[in-house]
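Analysis of the macromolecular model
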Amino acid sequence: MSTSPVDEVVTRSYQQEMLEASLVENIIVAQDTGSGKTHIAVLRMKIECDRQPHKVSWFLAPTVTLCEQQHDVISQAIGSVGLVHGGLEPKQWTDPELWNTVIKNNRVVVSTPQVLLDALSHGYVSLGNQIGLLVFDEAHHAAENHPMNCIMRDHYFSLPVRQPAMTSNHGPVREERPMVLGLTASPMFGGDVAEAFQNLEKNLDSVIRRPRLYLGNLADYVHRPTFRHVVYTQHRQYYTCHLDSPNLQVLRQVIGTMDIEQDPYVLALREDLRKRPPGPERQRVDQKLSKVIHKKDSYTHRGLRNLEKTAHDICYDLGPWASDWFVQEAVNHGLQCASPFDGVASAWQHKEKAYLIQYLNEIKNSLVSPDPETIDSRISDKVKALLRTVAEEKTRSESFNEPYSGLIFVTRRDAVLVLSGILKCHPLTRDSFTIGTLVGASESSYRTTLLDITRKVVDKSQADTLADFRSGDINLVVATAVAEEGLDIQACGNVIRWDIPSNMASWVQSRGRARRKRSSFVLMFEAQFDDGRVAEFEDQEMRMEEMYNKERRRIAAEMDQLQPGVDNEDADTVFRVKSTGAVLTLSAAISHLNHFCSLLPTTRHQNYQAIYDIDPPDMPEGWHSSGPRQDDILPYPGPFGCTLTLPRVIDAKLRVHVVKRVHLSKRSAFQHAAFQAYVALYRAGLLNDHLLPLMSVKEGDLDEDEQLLRALIDKRSGFASVTGQLNPWQPDEVRDSWWSTNITVHGFPPLTLFAQVELPTLNDDTLLNLYHPLKGSLTVTTSPAMLVKLSAKDGEAARHCTRRLFWTRVGSRMTWEHLDFAYLFMPNGDPSTAVWEGRREWCRSQDGNADSGKALLANAESFGRFYNYPTDITYVRESSSYGKAYRFVGWQFDKLSSEEEEELRTSRRYSRVEDLQLTYPLLVAEPLSNKVNLLLRRPVAKPGKYTFFIPKYSYVELCSPAECEYSYMLPSILRHLTVVMTVESLRRTLFAEAPRLASIPASVLIPAITAPVANDLVNYQRLESLGDAVLKFIVGVNLMAQYPLWPEGYLTQRKDQTVNNGRLAKAATKVALYKWIIRTNFTPRKYTPIYLTQPTDVGRMDVSVSEEPVAESEKPKDETEQLSTKMLADVVESLIGAAYIHGGFDLGIECARLFQLGVDLSGVQDNVEKILSRVEFSDGFSSRLVDVERMIGYTFQRKLLLVEALTHASYHFDTETVSYERMEFLGDALLDMFVIDFLYHFAGRAFTPGDMHCFKAAMVNTYFLAYRCLQLSVEVDASMPMPGRNGRITLQHKTNRIHLYQCLLHSSTVVLDEQRLSFRRFEKNNAEIEEALRVGKVFPWAALTRLQPPKFLSDMIESIIGAVYLDSNGNIETVRTLLRTLGIMDCLERVVREKVDVLHPVSRLGIWASQQQKQVVYDYMEEKGNVVCTITVEGLEPVQAKAEKRGRVSQEEARFAAAEKAIAEWGVGDMWNGSKM
């Protein structure tokens, strides 16, 4: 048996001692770095796997890097180890199945503490039921509000106490506290040792242990370094050291000239404040302005001050050369980041960029010399001491024949870079050391500002640096604290602390890196300054040794003792959801609420955030105003209150939350407000039972790892495994009685049809016309079916007749002996039946009474002679058996010319016949029409060319003329009957409990269930387009009514989830809809009759899998086929469309209910009334509403609906309504439905789905709707009293034009600017667009794009449509009138009626190029303030168009214009001709 790596590692005595202790009780293993604590944890987890087979061990490490490192180690010993950390976006794992899969598939899970805390808080993981062991790596972090401590405080201590451990536990899973194992090198950061031990033990419900029995064994493996100290003298004074740094002095001078009042940010705030009317938002801007001025806290001022402070610290610590270098690098980096093409600075305002660049350019730095002598003369004594120390340490290591490896721990990131630069350049070190750097990977805001030169200078990743250090390619690493804790760094011979450790843990951990034999730990002391701090560490370490040796027991912690860092008032502020175990704590409330707001759909004009207004305000109101200011504002000591305001997309009842002024800190007030708001959101149904937003992930945000995991759990394939299409001819059981009907084709004698199932009577709804290639349109009728008994003789005759009819045309795919047909035929009234029966009898007598297909063919020469060359023959064949059949024309008694005879002799048919005898009369025949689908319309064919046959070598088909014609027509007749019978089956079964659905005419249901692959006359595509629009509307209006508090983003995502193809396909599969989908490709040339049982001899059959279905009973029960899920979804939508056509929205909803789509669907009118019942009647609205009503030609009964439709999310007044997004959601669905409904019913034109999509895209897009919004206006009276000619004051009549876009209610300067710019572009392009819409033959895509309108303009149109629909009580005609007033319906009617080319120019160009088998290439360049688009197609002259550069939209404008130009110059056809869809 193979052994795992951990088994190959010898377990040391002290490790075994700690392992055995951990099996008895919860312990925290306190051992030096490098002593093998992880090995103890691995052994403990392996035992736990056997002890608790139904639970996992959860290993917690404080950083992502540590998680990945420990995962690799644990995986080598325990096979199934899962890894979850912040880099994998676990916050998006909102499906419980994801977490269940992780726990089910792994025995150990490694994660950061925050990941497990979130999973526990949201109820995705049960600590008591799913986790048997918690391992805390770096356990000393478990204090206050660290996630480690929160796990214990909020989730562990509320569980039942763990029962005594047993050797194994294979019984039922008990809910109980997991065991705890902590790992640490130092159990404390600082302070009183006894108190620190007690707090950590209480927090982790554990006892701190260190080996006692085998402490000597531990000493054998852990080598304490030799402690050394280096004393340096700091000659410079901190406050005057800058005088030696020219660059720092220049920086200070530039900062001294700056005036915060001239900062663009301050000026923008003042302008914003000036425009704002009284209200909460004005108060916020007032506070923000005062704070910025008081603290000089603009981006530029704060950034340059921080730069100066950092450079000053570096100057004091490392010397003036270091300071000069740092200022030079930081300024250069800042100038690069301020470039408009740099992504870091892309969010800055243009004026702020210019302001920053102005002052950065004023910092005239002196060039910093890299000369080693210059460096040496301008560095601090501390740096010089470090250089001497590393050189001495290297010499000492080499004296023991050991390679040098060292770590220098530095507190500041910037100091790491400067020190490493000096070490690389200085003569003492440059040739002796290869230098590496390690800095943390934090993404704090400070490190993404212009100050952070670490990203630019650090040229190696952390992983690469560590790998080079392990291999010896790097022998000296300068690092921040990132290297202290847990990173897999080899034991090195020398650790130097540039700065005195900040706490005990840092002291122990950094020292623990020097654990090689004869290693050294060096502290750098400032003379007469640092001695006391070192003595304190040594004293604490001695006291820790005493604590390790004391006998202590685990402290039973009480819940009220586990709230460190939280006010007493907050101790009971916890909210739990019983069904899932999800928990909301005060400390998590703010982050949870921020997450909720971040998932609300945002626009570029509004970034949704919760706003916290502290009570009382931090600054006196108006402090920023000119005049004397009170600069020494004393901080208010408390208590504090808070008003929290959620984004306007949240309903007014949930938007504002106030906590009284009773809290001891601002943080506590904020937390209580957030807690109150989050609980309210849950109770309002905006959070699920896991206390997460209902829509927990934005579209497109899913992490790749999650997508992979989701794919394993829920494979949403494009195909579904289903049974075959229904065979309506197959009875439940074969009976003696048969259903009988007479089939009559115009001009032919009737034919009686027998079947085991009830046969439909064709009526006006199921009318059947055949389109015969020679006889034209033929009407087919059937008589009412009745049950009859067939005698054995009649049954046998019917089977023979049926075989004869099919054998004539498809005998090559039949078995002669198999007569068990699903349908039987008998001639009824054919006068020639007896004649042809006699002829067949004669043929059998000639052929020895053979019962085979040969009995239906007679040699033409013998037949002619015997029956005196009859003329009632229908088919002749050029050879026996399955030779090609021809239609008989007559007998040729007259001799052919010699040329004709020669042509006949040498023809393909007779050229190989030896001793050919050409005798008269000859047969004259013409080619038969191809076996075609007679259900499809086609013109009457012209007669074929006559052909001569020699009777001796030819054969006559022994069937009457009527039988021969029926053999040609029957496949098409049976296909139609099959479809009609399938519809009847659908009515009897799926629609059995919905009589109104069963009443839908077959003429509508047949296309609804017929797939395009069937190649029938009709298919579901048009109905599917209609049904899709209807379904989205009815689902939308139902969601609006059922969830009045849901913001638009929730409604949209829920609607999309309901109507997506995956959901619809599953619903279709659940009701077995696939049985009734007509999808077999009807091809008469491959037609095979249907049997009640499958023929046993199928060797001669050549049947395509796409032909008519065989009986289901003939297939194995488990036989399935793969059916496209899109087809299943399409048929659901087409049935909804069919129901809508027959019975409007009510019947469409009844049909949708049939499929149980996860939404409780009720009638449209009921939903409208439900929505209106929540709308209050109010008075006192602005006269601006009257202007809007005049523009749209509609007067609202409920003015609040119009207010909502006009309210932007930035608006901070009139809190009665939400912003317009919900109304826009409804209007969008309405507009889509109206357009598609109009196109579907347009008289005389059956538009394809592609055509409908093109028209809808032209009418329902941001550009066109925004154009209508900008265009809509009304004249209003603006008369004013003014002096007249005689000086008297009189009323001067005047009017102003008010535009709809001006009526948007908002509080955003950005919105205001975009309105003005959009209207200017509208005025410039209006004439061109209006003319194109009125008389043009091509839709003005490029001209509309030049408007570059913001989305809120088109949103206004859609929200008004939704508001009018509701206010009119769902009156469709009122909305139709509104659409006409808005100019949408008139434009739609014209583009349809006059065949305007509405296909998008880029799409049309692409289609054309594809047809030409060429590729279209779009290239962009910037030129003189314009974006130029060049379109290239091989073999054609390139085409260019340009647009004024105004952002990303300009590129789109240039592309549209270039595409239109290319279409004109290259002669590309329009959508109706050259590029017909």
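Throughout this document, residue positions are counted from 1 along each chain, in the order its sequence is written. Reporting of local features is limited, given that this is a predicted model, to residues whose pLDDT is at least 70; pairs of side-chain atoms are given and counted only at 80 or more, and all residues count toward the totals for whole chains, interfaces and linings. The side-chain figures draw on all heavy atoms in the structure; neither hydrogens nor water molecules are used.

Glancing now at the overall build of the protein. Scanning the protein from terminus to terminus reveals 51 helices and 39 strands. Whether two residues are in contact is decided by their heavy atoms: any pair within 4.5 Å suffices. Intrachain contacts of the protein at a sequence separation of at least 6 include 75% that bridge at least 24 residues. Using a 1.4 Å probe, the Shrake-Rupley method yields the accessible areas, and only the shown protein chains count as cover for residues. Carbon and sulfur atoms provide 50% of the accessible area of the protein, an area that totals close to 64900 Å². Secondary structure follows DSSP: runs of H or I at least 4 residues long count as helices, runs of E at least 2 residues long count as strands, and numbering of each begins at the N terminus.

This part covers the sheet that holds strand 38 (residues 1426–1432). Two strands are counted as paired when DSSP detects at least two bridges linking them. Ordered by their spatial adjacency, three strands build an open sheet running 37-38-39, and the pairing between neighbours is antiparallel. Taken across any chain shown, the strands that pair with only one partner, and hence form the sheet edges, are strand 37 (1417–1423) and strand 39 (1439–1444). The sheet shows a mean angle of 20° between the axes of neighbouring strands, direction not considered. Relative to strand 38, strand 37 runs antiparallel, the two being bridged by seven bridges. Axis lines are fitted to C-alpha atoms, over the contacting stretch for helices. Their N-to-C directions set the angle, which ranges from 0 to 180 degrees.

This next bit is on the sheet that holds strand 29 (residues 922–927). Reading across the sheet, the six strands line up as 26-31-27-28-29-30 and stay open at both edges, with antiparallel pairing between neighbours. The open sheet has two free edges, formed respectively by strand 26 (857–859) and strand 30 (947–949), since each of these has just one partner strand. Across the sheet, the axes of successive neighbouring strands diverge by a mean angle of 45°, strand direction being ignored. Bridging between strand 29 and strand 30 involves three bridges; their strand directions are antiparallel. Along strand 30, the bridge assignment pairs Ala-925 with Thr-947.

We now examine the environment of Arg-270. Considering the arrangement of structural elements, one finds Arg-270 in helix 12 (residues 264–275). Residues Arg-270 and Asp-286, 16 residues apart in the sequence, show an inter-C-alpha distance of 8.4 Å.

Let us look at the packing of aromatic side chains. In this analysis, rings of Phe, Tyr and Trp, with Trp reduced to its six-membered ring, are considered paired at centre separations within 6.5 Å, and the interplanar angle assigns stacked below 30 degrees, edge-to-face beyond 60, and tilted for intermediate values. Using the criterion set out here, one finds 46 aromatic pairs in the structure. Judged by centre distance (5.6 Å) and plane angle (50°), the rings of Tyr-1267 and Phe-1322 are tilted. Taken together, the positions of Tyr-1267 in helix 44 (residues 1262–1271) and Phe-1322 in helix 45 (residues 1309–1335) put the pair 55 residues apart, joining distant regions of the chain. By the burial criterion, Tyr-1267 is buried, and Phe-1322 matches it. Joined through ring pairs, the aromatic side chains of Trp-729, Phe-806, Phe-821, Tyr-823, Phe-825, Phe-1082, Tyr-1087 and Tyr-1091 make up one cluster. Charge-over-ring placement is defined geometrically: NZ (Lys) or CZ (Arg) within 6 Å of the ring centre, and within 35 degrees of the ring normal. If you follow Arg-839 out to its NZ or CZ, it ends over the ring of Trp-836, 4.4 Å from the centre. Of note, Arg-839 hangs over the ring of Tyr-867, and the distance from its end group to the ring centre comes to 5.3 Å. A 1.4 Å probe rolled over the protein chains alone gives each residue an accessible area, and that area as a share of the maximum for its type sets the label: buried under 20%, exposed over 50%, partly exposed in between.

On to the nonpolar core. In this text, buried Ala, Val, Leu, Ile, Met, Phe, Trp, Tyr and Cys residues form a nonpolar core when linked through side-chain atoms within 4.5 Å. Core analysis: the biggest nonpolar cluster contains 212 residues, and Phe-596, Phe-1033, Leu-1073, Leu-1135, Ile-1192, Leu-1366 and Leu-1405 have the highest contact counts within it. No other element matches helix 38 (residues 1125–1154), which puts 15 residues into this core. Filtering out sequence-adjacent residues up to four positions away, Phe-596 remains in contact with Ile-650, Tyr-678, Leu-681, Leu-686, Leu-687, Pro-693 and Tyr-1050. Counting 55 residues, the second largest nonpolar core, distinct from the first, contains Ile-314, Leu-318, Val-368 and Val-439.

Another point: the pairing of strand 12 (residues 494–497). Because side chains alternate across strand 12, one face comprises the buried residues Asn-494 and Ile-496, and the other comprises Val-495 and Arg-497, equally buried. Note: strand 9 (residues 406–409) against strand 12, four bridges, orientation parallel. The residue bridging Leu-407 from the neighbouring strand is Val-495, located in strand 12. Here strand 12 runs beside strand 13 (residues 520–526); their pairing, made up of four bridges, is parallel.

Moving on: the packing of helix 35 (residues 1021–1042) against helix 36 (residues 1048–1059). Helix 36 packs onto helix 35 with a crossing angle of 135° between their chain directions and a minimal axis gap of 10 Å. One element, helix 35, and the other, helix 36, form an angle in the oblique class. Remark: the crossing between helix 35 and helix 36 carries right-handed chirality. Between helix 35 and helix 36, the residues in contact are Leu-1031, Lys-1032, Val-1035, Leu-1039 and Met-1040 and Leu-1051, Arg-1054, Lys-1055, Thr-1058 and Val-1059, respectively. Between 65 and 115 degrees an angle is taken as roughly perpendicular, under 35 as roughly parallel, over 145 as roughly antiparallel, and anywhere else as oblique. Handedness of each helix crossing follows the sense of rotation of the near helix against the far helix: counterclockwise by less than a right angle gives left-handed, clockwise gives right-handed.

Glancing now at the environment of Glu-97. Relative to the assigned elements, Glu-97 resides in helix 5 (residues 96–105). The class of Glu-97 is partly exposed, set by a relative accessible area of 39%.

Next up on the list: the environment of Leu-778. Mapped onto the secondary structure, Leu-778 falls in strand 23 (residues 776–782). As a C-alpha pair, Leu-778 and Val-745 span 33 residues in sequence and 6.5 Å in three-dimensional space. Sequence-distant contacts of Leu-778, defined by excluding residues within four places in its chain, comprise Val-745, His-746, Phe-748, Leu-768, Asn-769, Leu-770, His-772 and Met-969.

Turning next to the pattern of salt bridges. By salt bridge we mean one thing: a side-chain nitrogen of Lys or Arg within 4 Å of a carboxyl oxygen of Asp or Glu. Taken as a whole and judged by the stated rule, the model has 56 salt bridges. The partner of Glu-48 in a salt bridge is Arg-162, and the shortest N-O contact between them spans 3.6 Å. Here Glu-48 is found in helix 3 (residues 37–51), whereas its partner Arg-162 is found in the loop between helix 8 (147–156) and strand 6 (179–184), with 114 residues between them in sequence. Between Glu-984 and Arg-987 there is a salt bridge, and its shortest N-O distance comes to 2.7 Å.

Cysteine sulfur pairs qualify as disulfides if the two atoms are within 2.5 Å. In this structure the tally under the stated criterion is zero disulfides. Cysteine Cys-1303 remains unbridged, with the sulfur of Cys-1269 as its closest cysteine sulfur at 8.9 Å. Overall, Cys-1303 belongs to the buried group, its relative accessible area being 2%.

As a further point, take unusual backbone geometry. At the junction of Asp-615 and Pro-616, the peptide bond is cis and its omega measures out at 5° in the coordinates. Here Pro-616 shows up in the loop between strand 16 (611–615) and strand 17 (640–645). The step from Gly-638 to Pro-639 runs through a cis peptide bond, and the omega angle for that step is 0°. When you line up the elements, Pro-639 lands in the loop between strand 16 and strand 17. Of note in the backbone geometry, Gln-1348 takes a positive phi value of approximately 40° without being a glycine. Among the secondary structure elements, Gln-1348 is positioned in the loop between helix 46 (1341–1345) and helix 47 (1351–1367). A relative accessible area of 9% means that Gln-1348 is categorised as buried. Of note in this structure, Asn-1369 is not a glycine but carries a positive phi near 60°. The exposure class assigned to Asn-1369 is partly exposed, which follows from its relative accessible area of 37%.

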